[in-house]
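Architecture and fold: a report
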Amino acid sequence: MNTASTLNTIARERRKLLVCDSTELAERQHRIIPLLFKKHPQTAIVLRYAGQVYAYLNQCVHMVRRLDCVHDAVFDEQQGHLRCSMHGIVFDPTSGESLSVLCSGERLEPLRCEESDGQVYLIDKHVIALM
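Just so you know, these numbers come straight off a predicted model, no measurement behind them.

**Here we look at the pattern of salt bridges**
Here the structure, examined in full by the defined rule, presents five salt bridges. A salt bridge links glutamate 114 to lysine 16; the nearest nitrogen and oxygen atoms lie 3.1 Å apart. With a gap of 98 residues between them, glutamate 114 in strand 7 (residues 113–116) and lysine 16 in the loop between helix 1 (3–14) and strand 1 (17–21) connect regions that are remote in the sequence. The class for lysine 16 is partly exposed, based on a relative accessible area of 22%. Among the salt bridges present, the one from glutamate 27 reaches arginine 28, with a minimum N-O distance of 4.0 Å. We classify arginine 28 as partly exposed; its relative accessible area is 32%.

Structure follows, in structure tokens:
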């Protein structure tokens with residue numbers, strides 16, 4: 001392994017933010033994680049959908065509101081899409097893309113995440129754990 005690759009690996013390991021054990025994030029479940037995003041307090045939504053883990057900034061593209069600002073849920077009633085509880089804007093859980101006409105072409109802010117060694121992590125360079 002060359003020096004640049006080693007430094008990149010070390011930097012990536014330092015910014016890992018543990019979300020939960022893999023077993024604690026079942027299919028179509030989510031976790032809300034408080035964090036700093038670009039040095040501002042925010043929350044992230046980390047979810048499992050179709051066996052994969054996805055993460056997004058918990059902020060609707062329609063208005064600056066958390067997706068779970070009215071109800072403590074981020075999936076719609078059928079558990080097939082993400083849904084803003086304020087105005088009902090619906091998003092594809094695999095891409096963050098708005099499926100609603102009102103916000104057509106817009107997407108939730110994706111965050112890098114990974115699942116390794118039985119753990120789910122946020123690994124986004126813009127994310128810092130709240131202390």
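Past the structure itself, the notes keep going.
**Points about the side chain of glutamine 119**
As for its position among the elements, glutamine 119 is in strand 8 (residues 119–122). With relative accessibility at 17%, the residue glutamine 119 sits in the buried group. Within the structure, glutamine 119 has its side chain in polar contact with the side chain of aspartate 21 (distance 2.6 Å). Every residue in contact with glutamine 119, bar those within four places of it in the chain, is listed here: Leu18, Cys20, Asp21, Ser22 and Glu114.

**Some remarks on the pairing of strand 7**
Of the pairings in the sheet, the one linking strand 7 to strand 8 comprises four bridges and is antiparallel in character. Along strand 8, the bridge assignment pairs cysteine 113 with leucine 122. Linkage of strand 7 to strand 8, two consecutive antiparallel strands, is achieved through a turn of two residues, within which aspartate 117 is found at a positive phi near 50°.

Definitions and limits used
Residues numbered from 1 in each chain as written. Predicted model: local features only at pLDDT ≥ 70, side-chain atom pairs only at ≥ 80, totals over all residues. Heavy atoms only, no water. Salt bridge = Lys/Arg side-chain N within 4 Å of Asp/Glu carboxyl O. Helix = DSSP H or I, 4+ residues; strand = E, 2+ residues; numbered from the N terminus. Buried < 20%, exposed > 50% of the residue type's maximum accessible area, 1.4 Å probe, protein only. Polar contact = N/O pair within 3.5 Å; in protein donor to acceptor, adjacent residues only side chain to side chain. Contact = heavy atoms within 4.5 Å. Pairing = 2+ DSSP bridges.

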